[in-house]
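A structural walkthrough
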Amino acid sequence: MQLKLMYVMIALLGALGAALAGSLVAVMEGGRGTEAVKSGAKTFAVALPLLIVVLTALGVVGA
């Protein structure tokens, strides 16, 4: 159980890292702060389910 929790935490951190990268890209392109937050939120919303699907496919998460 603890190992699965660790992998879920890694997925969350990976999604947060992707969101940060998305925010930084928006800022570098000259976007405002609100655009950076929106970009980061969209990236997080897409990255987290993808990471969970990958971990499930690998048999790390799930029954």
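Coordinates for the structure precede this section.
Residues numbered from 1 in each chain as written. Predicted model: local features only at pLDDT ≥ 70, side-chain atom pairs only at ≥ 80, totals over all residues. Heavy atoms only, no water.

The next subject is the packing of helix H1 (residues 2-28) against helix H2 (residues 33-57). For the pair H1 and H2, interaxial distance at closest approach is 7 Å and the crossing angle is 150 degrees. Compared by their axis directions, H1 and H2 come out roughly antiparallel. Note that H1 runs across H2; the crossing there is right-handed. Between H1, through Tyr 7, Ala 11, Leu 12, Gly 14, Ala 15, Leu 16, Ala 18, Ala 19, Gly 22, Ser 23, Ala 26 and Val 27, and H2, the contact on the second element is made entirely by Glu 35, Ala 36, Ser 39, Gly 40, Thr 43, Phe 44, Ala 47, Leu 48, Leu 51, Ile 52 and Leu 55. A breakdown of the residues in the contact of H1 with H2 according to their chemical character gives 16 nonpolar, 6 polar and 1 charged. (Axes fitted to C-alpha atoms, helices over the stretch in contact; angles between N-to-C directions. Helix = DSSP H or I, 4+ residues; strand = E, 2+ residues; numbered from the N terminus. Parallel < 35°, antiparallel > 145°, perpendicular 65-115°, else oblique. Left-handed = near helix turned anticlockwise from the far one by under 90°. Contact = heavy atoms within 4.5 Å. Nonpolar A, V, L, I, M, F, W, Y, C, P; charged D, E, K, R; others polar.)

Moving on to H2. The end-to-end C-alpha distance of H2, which contains 25 residues, comes to 36 Å, matching closely the 36 Å that a straight helix rising 1.5 Å per residue would cover. Of the surrounding elements, those touching the buried residues of H2 are H1. Just downstream of H2, Gly 59 is the residue with a positive phi angle, here 85 degrees. (Expected span 1.5 Å × (residues − 1).)

By themselves, these are just geometric observations and shouldn't be taken as functional.
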